[in-house]
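# Structural overview for review
Letter by letter, the chains look like this.
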Amino acid sequence: MRYEKAAGSENKLAPVIKALVWGVLVGAVVCMVLLLAFSFVFSRVPILPGDNILDPLVVIVCGLSALFGAYVTGRILRVKGMLYGIFCGLLLFAVVFIASLSAVHEPLSFLSLVKGLLMVLMGAVGGIWGVNRHVKRKK
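In this text, all values refer to a predicted model and were calculated from it rather than measured experimentally. (Residues numbered from 1 in each chain as written. Predicted model: local features only at pLDDT ≥ 70, side-chain atom pairs only at ≥ 80, totals over all residues. Heavy atoms only, no water.)

Broken down by element type, the protein carries four helices and zero strands. Taken from N to C terminus, the helices and strands of the protein fall in the order α-α-α-α. Out of the 139 residues belonging to the protein, those deemed buried represent 29%. In the protein, once contacts between residues fewer than 6 apart in sequence are set aside, the share between residues at least 24 apart is 79%. In the structure as shown, the protein presents an accessible area of about 9600 Å², 73% of it carried by carbon and sulfur atoms. (Helix = DSSP H or I, 4+ residues; strand = E, 2+ residues; numbered from the N terminus. Buried < 20%, exposed > 50% of the residue type's maximum accessible area, 1.4 Å probe, protein only. Contact = heavy atoms within 4.5 Å. Areas by Shrake-Rupley, 256 points an atom, 1.4 Å probe, with all protein chains shown as cover.)

Here you go:
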């Protein structure tokens, strides 16, 4: 009897981990697609406003990726959207930070802290949005 309770407690964590993994994967794919699209546009445009547009653009892309990743997490779990959205934003920030640390050797800076804060905030918003999104049923 005790073994059934222990197994039941593990089963409660499995959907959360699955939803967070899916949310982080979707967020990472959104981030890559948006960054590739902007890099393609910037390679085709002969006149750019300068390097000062790249940092805010990366922050915005990271925020949007956290929003959509947390939305997917909220849609899967359907409960505690803000909490799981924050977790999704934190995990996605960790992925982006590790990728930027390994590829560009960018240390922890003010810009990365702003990026992390925005990703956590947008993750909370996306989680709430995903939980509260109603499915329209056909009659």
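Time to look at the packing of aromatic side chains. Per the counting criterion, the structure on display carries five aromatic pairs. Put simply, the rings of Phe 68, Tyr 71 and Trp 129 pair up and form one aromatic cluster. (Phe/Tyr/Trp six-rings, centres within 6.5 Å; stacked < 30°, edge-to-face > 60°.)

What follows concerns the confidence of the model for the protein. Per-residue confidence for the protein averages 88 on the pLDDT scale, and 89% of its residues sit at or above 70. Across the protein, helix H4 (residues 110-132) holds the top mean pLDDT of 96, while helix H1 (residues 2-44) sits lowest at 85. (pLDDT = per-residue confidence, 0-100.)

Turning to H4, a few remarks are in order. An ideal rise of 1.5 Å per residue puts 33 Å on 23 residues; H4 measures up with 33 Å between its terminal C-alpha atoms. Those residues of H4 that sit buried are Ser 112, Lys 115, Gly 116, Met 119, Gly 123, Ala 124, Gly 126, Gly 127, Gly 130 and Val 131. Those residues of H4 that are buried lie in contact with helix H2 (54-77) and helix H3 (81-103). (Expected span 1.5 Å × (residues − 1).)

Another point: the nonpolar core. Judged by nonpolar contacts, the single largest core of 16 residues is most densely connected at Val 16, Cys 62, Leu 77, Cys 88, Leu 92 and Met 119. Those elements giving two or more residues to this core turn out to be H1, H2 and H3. (Core = buried A, V, L, I, M, F, W, Y, C linked by side-chain atoms within 4.5 Å.)

Another aspect to go through is a nonpolar patch on the surface. There is a patch of nonpolar side chains on the surface, built from Leu 13, Ile 17, Val 21, Trp 22, Leu 25 and Ile 76 and spanning about 570 Å² of accessible area. It is H1 that provides the largest number of residues to the nonpolar patch, a total of five residues. Structurally, the position occupied by Leu 13 is in helix H1. (Patch = residues over 30% accessible without salt bridge, like charges linked within 9 Å, V, L, I, M, F, W, Y side chains within 5 Å. Salt bridge = Lys/Arg side-chain N within 4 Å of Asp/Glu carboxyl O.)

The subject of this paragraph is the side chain of Ser 100. As for its placement among the helices and strands, Ser 100 is situated in helix H3. Of the residues examined, Ser 100 reaches a relative accessible area of 12% and is grouped as buried. The residues contacting Ser 100, other than those within four sequence positions of it, are His 105 and Glu 106.

It is worth spelling out the layout of surface pockets at this point. The volume enclosed by the largest pocket comes to roughly 390 Å³. Taken together, 20 residues make up the lining of the largest pocket; nearest its centre are Leu 35, Val 58, Val 96, Ser 100 and Lys 115. If one sorts the elements of the lining of the largest pocket by residue count, H3 sits on top with six residues. Here the residues of the lining of the largest pocket are counted per class, giving 14 nonpolar, three polar and three charged. (1 Å grid on protein atoms, 1.4 Å probe; cavity = no way out; pocket = protein on both sides within 12 Å on 5 of 7 lines; lining within 4 Å. Points joined across faces, edges and corners; volume = space filled by probe spheres on them. Nonpolar A, V, L, I, M, F, W, Y, C, P; charged D, E, K, R; others polar.)

Looking now at the packing of H2 against H3. Between H2 and H3, whose axes approach to 9 Å, the crossing angle comes to 135°. The angle between H2 and H3 falls in the class oblique. Between H2 and H3 lies a crossing of right-handed hand. When H2 is examined against H3, the residues Cys 62, Ser 65, Ala 66, Gly 69, Ala 70, Thr 73 and Leu 77 are found in contact with a partner set consisting of Tyr 84, Gly 85, Cys 88, Leu 92 and Val 96. Classifying every residue of the contact of H2 with H3 by side-chain character gives eight nonpolar, four polar and no charged. (Axes fitted to C-alpha atoms, helices over the stretch in contact; angles between N-to-C directions. Parallel < 35°, antiparallel > 145°, perpendicular 65-115°, else oblique. Left-handed = near helix turned anticlockwise from the far one by under 90°.)

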